[in-house]
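# Residue-level structure breakdown
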Amino acid sequence: AFVFGLFPSTRDFRFVVAACLLVVVLVLIALFDRAIVGFASDLLRGFDALGEELVTAIVVGVRGATVALLVGGLAVGVGTRRWRAAGTVVLAAAAGALLFGLVERWSDERRPAIVELDDVAGPLSSDGALTTVGLAAAAAALAAAAPWLPRRYRRIGWTLLVVATLLRFVAAPGSGLPAVAVLSGWTAGALVLVVLGGPLRRPTQPAVASGLESVGLA
């Protein structure tokens, strides 16, 4: 209760948490980049047992679903004239990509990709698709769109993003950049929400009073 009381709203608290995690990860990468990347590469080495075709199919499915969710959500926002939501998401995506561009040089360790993808689906199966910059933009967009999204869609979006991040490490040259990208996007998206605001999920006092009156309570 004391910690939450230090911040005017949960949005401020989320931004502080995201920024602190980003700083911690950057410090760890600066100090132990080679050890961290090597450990993660060894930990995920079992993915090569799945075979090139199966991993490629999983990558294509996750990337396609992630792109469809982001583009579809933006299209729905524009189609329903939710200009504030659409503008917030676009600004957050740009801010996430910009912030990641400023901090990506902290990690320079590279390991060979664990699985080489089969280039059967063009861009979706390329190791250059959904780059770390794309991950940062996607994370920022999801973080900024949270106030307008139902809980189910927020969970689906973050699940897809986490899996896409994991697959990025497996199917592209290994580094700490995917984790930095997601945290950069989360931080930027949370900051945009703090600055621009969003719809409140908490009921107002008149709404609570109206609800009580509707069931016969003064």
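Since the model is a prediction, treat every value here as computed from it, not as a measurement.

It is worth spelling out the overall build of the chain at this point. From N to C terminus, the chain includes 8 helices and 0 strands. The helix and strand sequence of the chain, counted from the amino end, reads α-α-α-α-α-α-α-α. Counting every position in the chain, which comprises 218 residues, the buried fraction comes to 36%. Taking contacts inside the chain between residues at least 6 apart in sequence as the whole, the part at least 24 apart equals 87%. If you sum the accessible surface of the chain, you get close to 12200 Å²; carbon and sulfur atoms cover 68% of it.

In this section: a nonpolar patch on the surface. A grouping of Val23, Val24, Val27, Leu28, Leu31, Phe32 and Ile36 is seen on the molecular surface, where their side chains present a nonpolar patch of about 600 Å² in accessible area. Within the fold, Ile36 resides in helix 2 (residues 10-43). A residue is classified by how much of its surface remains accessible, and Ile36, at 35% relative accessible area, is partly exposed.

In terms of nonpolar packing, the biggest core is built from 21 residues, with Leu22, Leu26, Phe100, Leu135, Leu161, Val180 and Ala181 touching the most fellow members. Broken down by secondary-structure element, the contributors of at least two residues to this core are helix 2, helix 3 (52-79), helix 4 (83-103), helix 5 (132-145), helix 6 (151-171) and helix 7 (177-196). The residues touching Leu22, leaving out its near neighbours within four places in the chain, are Leu99, Val180, Leu183, Ser184 and Thr187.

Moving on, we get to the side chain of Thr88. Residue placement: Thr88 occurs in helix 4. With residues near it in sequence (within four places) discarded, Thr88 still touches Ala144, Trp148, Val192, Leu193 and Leu196.

A few words now on the side chain of Thr165. Within the element layout of this structure, Thr165 appears in helix 6. Only 2.8 Å separates the side chain of Thr165 from the backbone oxygen of Leu161, close enough to count as a polar contact. Setting aside residues up to four positions removed in sequence, Thr165 forms contacts with Leu135, Pro178, Ala179 and Val182.

All right, on to helix 6 then. Given a rise of 1.5 Å per residue, 21 residues ought to cover 30 Å, and the 30 Å separating the end C-alpha atoms of helix 6 matches this to within 8%. Those residues of helix 6 lying buried are Gly157, Leu160, Leu161, Ala164, Thr165, Leu167, Arg168, Phe169, Val170 and Ala171.

The next subject is the environment of Gly64. Mapped onto the fold, Gly64 is located in helix 3. A sequence separation of 96 residues divides Gly64 from Leu160, and the C-alpha atoms of the two residues are 10.0 Å apart.

Time to look at the packing of helix 2 against helix 7. With their axes 8 Å apart at the nearest point, helix 2 and helix 7 run at an angle of 155° to one another. Between helix 2 and helix 7, the angle is such that the two are roughly antiparallel. For the pair helix 2 and helix 7, the sense of crossing is left-handed. Residue-level inspection shows Arg11, Asp12, Arg14, Phe15, Val17, Ala18, Ala19, Leu21, Leu22, Val25, Leu26 and Ile29 of helix 2 in contact with helix 7, the latter providing Val180, Leu183, Ser184, Trp186, Thr187, Ala190, Leu191, Leu193 and Val194. A breakdown of the residues in the contact of helix 2 with helix 7 according to their chemical character gives 16 nonpolar, 2 polar and 3 charged.

What follows concerns the confidence of the model for the chain. For the chain, mean pLDDT is 79; residues scoring 70 or higher make up 78% of the total. By mean pLDDT, helix 1 (residues 2-5) is the weakest element of the chain at 45, and helix 7 is the strongest at 91. Here residues 1-6 scores under 50 on pLDDT; set against residues more than four positions off or in separate chains, the count is 2 contacts.

This next bit is on the packing of helix 5 against helix 6. The relative placement of two packed helices is expressed as an angle between their axes plus a distance between the axes. As a packed pair, helix 5 and helix 6 sit with axes 11 Å apart at the nearest point and diverge in direction by 165°. Of the possible angle classes, the one that applies to helix 5 and helix 6 is roughly antiparallel. Judged by the sense of rotation from one axis to the other, the crossing of helix 5 with helix 6 is left-handed. Taken together, the residues of helix 6 that come into contact with helix 5 (itself represented by Thr132, Leu135, Ala138, Ala139, Leu142 and Ala143) are Gly157, Trp158, Leu161, Ala164, Thr165 and Arg168.

Here the focus is the environment of Val133. Position of Val133 relative to the elements: it lies in helix 5. A relative accessible area of 36% places Val133 in the partly exposed class. The residues touching Val133, leaving out its near neighbours within four places in the chain, are Ala97 and Phe100.

Definitions and limits used
- Residues numbered from 1 in each chain as written.
- Predicted model: local features only at pLDDT ≥ 70, side-chain atom pairs only at ≥ 80, totals over all residues.
- Heavy atoms only, no water.
- Helix = DSSP H or I, 4+ residues; strand = E, 2+ residues; numbered from the N terminus.
- Buried < 20%, exposed > 50% of the residue type's maximum accessible area, 1.4 Å probe, protein only.
- Contact = heavy atoms within 4.5 Å.
- Areas by Shrake-Rupley, 256 points an atom, 1.4 Å probe, with all protein chains shown as cover.
- Patch = residues over 30% accessible without salt bridge, like charges linked within 9 Å, V, L, I, M, F, W, Y side chains within 5 Å.
- Salt bridge = Lys/Arg side-chain N within 4 Å of Asp/Glu carboxyl O.
- Core = buried A, V, L, I, M, F, W, Y, C linked by side-chain atoms within 4.5 Å.
- Polar contact = N/O pair within 3.5 Å; in protein donor to acceptor, adjacent residues only side chain to side chain.
- Expected span 1.5 Å × (residues − 1).
- Axes fitted to C-alpha atoms, helices over the stretch in contact; angles between N-to-C directions.
- Parallel < 35°, antiparallel > 145°, perpendicular 65-115°, else oblique.
- Left-handed = near helix turned anticlockwise from the far one by under 90°.
- Nonpolar A, V, L, I, M, F, W, Y, C, P; charged D, E, K, R; others polar.
- pLDDT = per-residue confidence, 0-100.

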